[in-house]
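# Structural features, examined
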Amino acid sequence: MKFLAPFLFLLSCVTVATEVSTLVVTPIAEHVYKHESSLRVEPWGLVSGSGLIVVDGQDAYIVDTPWTEQDTEALLLWTEDRKLNVKGAVVTHYHQDASGGLAVLNKHQIPTYASAQTNHLLAQKHSAIALHNLPQASAAIKSGVVETYYPGAGHSRDNIVVWLPQSKTLFAGCFVKSVASKNLGNLEDASVDEWQASIHKVLSRYPEANMVIPGHGKEGDLSLLHHTVKLIKIEQSKGK
């Protein structure tokens, strides 16, 4: 039996090498996998970013793409190896760590979704856009499986969160910081003064969430949202 645990780990954690980084896919809840990829971003160095694959029978839904097109192709190979049909993909905001693989998904004729605001911002920087605009502040890619909500500005003015009702999992993306984060990170497009109110909207809407997944770093629970509020207050105090 001592050999069984390493064997099961190898089955659950799959690593796929690409030209620019390594894609890692790990199960985090029933029918939910986290994909992680990395890219060197100055001045932060090598930055790991996270997204999800949500499995519903033989169908799969992608939440945020890997950083690069190469790693997005690798992610599609992962689904293909498991005979999963990718029925849709949603990106939570327009930054590359969430949307960098949209062109690949579009090329493979996978329905892609983003808010109208996200698509507008992507178009402004001449990047691939999602094929479908999310119709409203809250929407469903598949009802009861993958649902989206726009709480207001925070990390970026267009950031949305994704709710998985079956596992009570909240993918908060870059809107929420990991417990290891000592600051809010990249504030180039942030709305710091609106961020706290947006966090409280999410806390009110999803009080039953038992897992919260940030865009960077380790998953946790609702304490990640409270931790983010503390970081917001620290940032706001700098201007006083």
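Cut-offs and rules
Going along each chain's sequence as written, the residues are numbered from 1 onward. With pLDDT at 70 or above as the cut-off, local features in this predicted model cover only qualifying residues; side-chain atom pairs require 80 or more to be listed or tallied, and sums for whole chains, interfaces and linings still use all residues. As a rule here, side-chain values cover all heavy atoms of the structure and leave hydrogens and water aside. Summary of the burial criterion: residues with accessible area below 20% of their type's maximum are buried, those above 50% are exposed, and those between are partly exposed, where the area comes from a 1.4 Å probe applied to protein chains only. Helix and strand definitions follow DSSP, with helices as H or I runs of at least four residues and strands as E runs of at least two, each counted in order from the N terminus. Two strands pair under a simple rule: DSSP has to find at least two bridges between them. In this description, contact between two residues means that some pair of their heavy atoms is separated by no more than 4.5 Å. Grouping buried Ala, Val, Leu, Ile, Met, Phe, Trp, Tyr and Cys residues that are joined through side-chain atoms within 4.5 Å yields what is termed a nonpolar core. Expected helix span is computed as 1.5 Å times (number of residues minus one). Throughout, the arc means that of the directions going from the helix axis to the C-beta atoms. Only protein atoms enter the 1 Å grid used here, on which a cavity is any set of points holding a 1.4 Å probe that cannot leave and a pocket is any open set flanked by protein within 12 Å on both sides along at least five of seven lines; residues with an atom within 4 Å of a point are listed as lining. Grid points are joined across faces, edges and corners, and a volume is the space filled by probe spheres set on the points. Residue polarity follows a fixed list, in which Ala, Val, Leu, Ile, Met, Phe, Trp, Tyr, Cys and Pro are nonpolar, Asp, Glu, Lys and Arg are charged, and the others, Gly among them, are polar. Just to be clear on terms, a salt bridge is a Lys or Arg side-chain nitrogen sitting within 4 Å of an Asp or Glu carboxyl oxygen. Only the contacting stretch of a helix is used when fitting its axis, a line to C-alpha atoms as for every element, and angles between N-to-C directions run 0 to 180 degrees.

## Some thoughts on the pairing of strand 13 (residues 211-214)
In regular strands, side chains alternate between the two faces of the sheet. Side chains Met 211 and Ile 213 of strand 13 all project onto a buried face; the interleaved residues Val 212 and Pro 214 project onto the opposite face, where all are buried too. Note that strand 12 (residues 169-173) and strand 13 share four bridges and pair parallel. Among the inter-strand pairings, Phe 171 is bridged to a residue of strand 13, identified as Ile 213.

## Regarding the side chain of His 95
With respect to the secondary-structure elements, His 95 resides in the loop between strand 6 (85-90) and helix 3 (96-99). The exposure class assigned to His 95 is buried, which follows from its relative accessible area of 12%. With sequence-adjacent residues up to four places away left out, His 95 is seen in contact with Lys 125, His 155, Ser 156, Asn 186 and Asp 189.

## Considering the environment of Gly 152
As for its placement among the helices and strands, Gly 152 is situated in the loop between strand 10 (146-149) and strand 11 (161-164). A relative accessible area of 12% places Gly 152 in the buried class. Separated by 58 residues in sequence, Gly 152 and Asn 210 place their C-alpha atoms 22 Å apart. Dropping the residues within four chain positions of it, Gly 152 is found in contact with Asn 159, Phe 175 and Ser 198.

## Topic: the nonpolar core
Counting residues in each nonpolar core, the largest one holds 22 residues, and the members touching the most others are Leu 170, Ile 199 and Leu 225. Secondary-structure elements contributing two or more residues to this core are strand 11, strand 12, helix 6 (192-205) and helix 7 (223-237). Counting 18 residues, the second-largest nonpolar core is a separate cluster that includes Val 90, Leu 134, Ile 141 and Ile 160.

## Here we look at helix 6
Since the α-helix advances by 3.6 residues per turn, residues separated by three or four positions end up pointing in the same direction. In this model, helix 6 (14 residues) spans 21 Å end to end at C-alpha, consistent with the 20 Å of a helix rising 1.5 Å per residue. Residues of helix 6 that are buried: Val 192, Trp 195, Ser 198, Ile 199, Val 202 and Leu 203. For helix 6, the buried positions fall inside an angular range of 145 degrees around the axis, keeping them on one side. Of the residues in helix 6, the exposed ones pointing more than 90 degrees away from the buried face are Asp 193 and Ser 204.

## Brief notes about the layout of surface pockets
In this structure, the largest pocket spans a volume of roughly 580 Å³. Forming the walls of the largest pocket are 25 residues, and the residues nearest its centre are Trp 44, Val 47, Asp 97, Asn 186 and His 216. Those elements that place two or more of their residues in the lining of the largest pocket are strand 3 (32-41), strand 4 (45-56) and helix 3. For the lining of the largest pocket, the element with the most residues is strand 4, which contributes three residues. In terms of residue class, the lining of the largest pocket is built from eight nonpolar, eleven polar and six charged.

## What about the pattern of salt bridges?
Any two side chains of opposite charge can pair, so long as their charged atoms come close to each other. Going through the model one piece at a time under the given rule, you end up with five salt bridges. Measuring nitrogen to oxygen at the nearest pair gives 3.9 Å for the salt bridge that ties Lys 34 to Glu 36. Since its relative accessible area comes to 23%, Glu 36 is described here as partly exposed. The salt bridge involving Glu 219 is made with Lys 34; its shortest N-O contact spans 2.7 Å. Residue Glu 219 is found in the loop between strand 13 and helix 7, and its partner Lys 34 is found in strand 3; the two are separated by 185 residues along the sequence. Ionic contacts of the salt-bridge type, sharing partners, join the residues Lys 34, Glu 36 and Glu 219 into one network.

## Some points on helix 5 (residues 116-124)
Taken residue by residue, helix 5 has Thr 118, Asn 119, Leu 121 and Leu 122 as its buried positions. Projected down its long axis, helix 5 carries its buried residues within an arc of 165 degrees, all on one side. Elements in contact with the buried residues of helix 5: helix 3, helix 4 (102-107), strand 7 (112-115) and strand 8 (132-134). Once helix 5 finishes, His 126 follows within two positions and takes phi at roughly 60 degrees, a positive value.

## Brief notes about the sheet that holds strand 9 (residues 138-142)
The strand order across the open sheet formed by five strands is 9-10-11-12-13, and the pairing between neighbours is mixed. Both edges of this open sheet fall to strand 9 and strand 13, since each of them pairs with a single strand only. The average undirected angle you get between the axes of adjacent strands in this sheet is 20 degrees. As paired elements, strand 9 and strand 10 share four bridges and run antiparallel to each other. Of the residues in strand 10, the one forming a bridge with Ser 138 is Tyr 149.

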